[in-house]
Amino acid sequence: METLGIDIGGTKIAGGICDEKGNIRCLQRVPTPEDAADINAAVADIYRRCKGEGDIRAIGISAAGNIASDRRTVSFAANLPAWHQYPLADAIEDLVGDGVKVIVENDANAAGWGEYRFGAGRGTHNMVMITVGTGVGGAIIVNDRLVRGGFGMAGEIGHIVMVPDGEACGCGLFGCAEQYASGSALERFAWSAARRQPNQSEHLLEACEYDRSKLIGPMVRDAAQQGDPTANEAFNLLGEWLGRLMANLSAVLDPEAFVIGGGVAEVGGMLLDPARAAFSRYLQASMYRQHPSILEARAGGKAGIIGAADLARDIDLARVD
Ligand SMILES: [Zn+2]
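Here the structure is a predicted model, which is why all the values come from computation and not from measurement.

Novice: Can you walk me through the environment of leucine 253 in this structure?
Specialist: Relative to the helices and strands, leucine 253 is located in helix α7 (residues 229-253). Here leucine 253 falls in the partly exposed class, since its relative accessible area comes to 26%. In contact with leucine 253, other than residues within four places in its own chain, are Val128, Ile140 and Val142.

Shown next as structure tokens:
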């Protein structure tokens, strides 16, 4: 049975028909409009364009926002003020018609589900996905179920406070994991190391023209590959924090695998090696327990689409609780 998976991000909307193996057909991409009604229209348009190519019974939407436990309403979306307590599923069902049902899931949860079903986490029963991008996102799978929590807010692991009174976070708290284990943290670590040791940071300083505001994550990656010792240090420090975060999560959830995704994780071993080493150091009873695998995400940018589409399969089969 086929469903339509649609990923509504801050800059683009992408979607297509997904089969039960996680393959996508009729993939469409459009820029994300600002207005909520225009976003609904864009989603309905993707449905209409794909409709002739498959028997679409349900639509799964991955949305960058907090989703209420009804899996239909966006409670809040930082990048889309129009989505405050917004009944997204109702709006799209009305537009699309045809008796097609809609389910909405938070983007990190949808991507995590995609990795669990079709990507690096396939075959596990307990998995945690950590998305290391500008911020830190998360998704938790326990006993083959996506953990949504009592109010739909579970899995926000980027906002576990790691450092009391630490760096200010966009969420209003201080010292969140997102401020230490994200791409933004990598830039901060690299800049601070470069200021201390400019002669060890030549490639990075040249790339950003000695201007903090021009420094972006890929420059740190390139500088590390070109041999700047401080850029390497920045990745080691990022890995250290990521390892610490995973050890904390293992204390609570004891997953079989961590899947690390997001733009920053694309460097692979440069981040994952120090993260694995730190994880072992911080894990409680490290010598006396089985360690989870720490894996690079595999489904890439399409994880949200295939994850949302797969979650929509559940609603069509009336297996949703
Ligand atoms: Zn926070």
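Novice: Is there a simple way to think about the sheet that holds strand β10 (residues 145-146) in this case?
Specialist: Sheets are built from strands that pair by backbone hydrogen bonding, the pairs being arranged parallel or antiparallel. Pairing is mixed in the open sheet, where 5 strands are placed in the order β10-β9-β8-β11-β12. Two strands bound the open sheet, and with one partner strand each, they are β10 and β12 (293-296). Sheet topology places strand β9 (residues 136-142) next to β10; 2 bridges connect them, and they run antiparallel. Looking at β10, one finds that valine 142 is bridged to arginine 145. Strands in contact with α7 are β8 (127-132), β9, β11 (257-261) and β12; relative to β8, the strand with the most contacts, it is inclined by about 155 degrees.

Novice: Before we go on, may I ask you to explain helix α2 (residues 88-96) in this structure?
Specialist: Each turn of an α-helix holds 3.6 residues, which means side chains three or four residues apart point in the same direction. For α2, the complete set of buried residues consists of Leu88, Ala89, Ala91, Ile92 and Val96. Along the axis of α2, the buried positions cluster into a sector of 160 degrees, meaning they face one direction only. Check the buried side of α2 and you find it contacts α1 (36-51), β4 (56-63), β6 (74-76) and β7 (101-106).

Novice: Would you take a moment to explain the sheet that holds strand β1 (residues 2-8) for this structure?
Specialist: Here we have 5 strands laid out as an open sheet, ordered β3-β2-β1-β4-β7, and mixed in their pairing. Looking at which strands have only one partner, the edges of the open sheet turn out to be β3 (24-31) and β7. The mean inter-strand angle of the sheet, taken between neighbouring strand axes irrespective of direction, is 15 degrees. Of the pairings in the sheet, the one linking β4 to β7 comprises 6 bridges and is parallel in character. Paired with alanine 58 across the bridge in β7 is lysine 101. Packing against the sheet, α1 makes contact with β1, β2 (12-18), β3 and β4, and its axis sits at approximately 150 degrees to β3. Contacting β4 and β7, helix α3 (residues 107-118) runs over the sheet at an angle of about 100 degrees to β7.

Novice: What is the right way to read the coordination of the zinc ion from this model?
Specialist: Geometry sets the ideal angles at a metal, namely 109.5 degrees for four tetrahedral donors and 90 or 180 degrees for six octahedral donors. Protein coordination at the zinc ion: the donors are His159 (ND1), Cys169 (SG), Cys171 (SG) and Cys176 (SG), at 2.0 to 2.4 Å from the metal. Viewed at the metal, the 4 donor atoms of the zinc ion are separated by angles of 106 to 118 degrees, and the geometry they form is tetrahedral. For the zinc ion, all donor residues lie on one chain, and their spacing in sequence is H-x9-C-x1-C-x4-C. Remark: cysteine 169 occurs in the loop between β10 and α4 (183-196) and histidine 159 occurs in the loop between β10 and α4; sequence separation between them is 10 residues. We classify histidine 159 as partly exposed; its relative accessible area is 25%. A relative accessible area of 8% means that cysteine 169 is categorised as buried.

Rules used throughout
- Residues numbered from 1 in each chain as written.
- Predicted model: local features only at pLDDT ≥ 70, side-chain atom pairs only at ≥ 80, totals over all residues.
- Heavy atoms only, no water.
- Helix = DSSP H or I, 4+ residues; strand = E, 2+ residues; numbered from the N terminus.
- Buried < 20%, exposed > 50% of the residue type's maximum accessible area, 1.4 Å probe, protein only.
- Contact = heavy atoms within 4.5 Å.
- Pairing = 2+ DSSP bridges.
- Axes fitted to C-alpha atoms, helices over the stretch in contact; angles between N-to-C directions.
- Arc of directions from axis to C-beta.
- Donors = N, O, S within 2.8 Å, 3.2 Å for Na, K, Ca; no water.
- Tetrahedral: all angles 85-135°; square planar, octahedral: opposite > 155°, others 65-115°.

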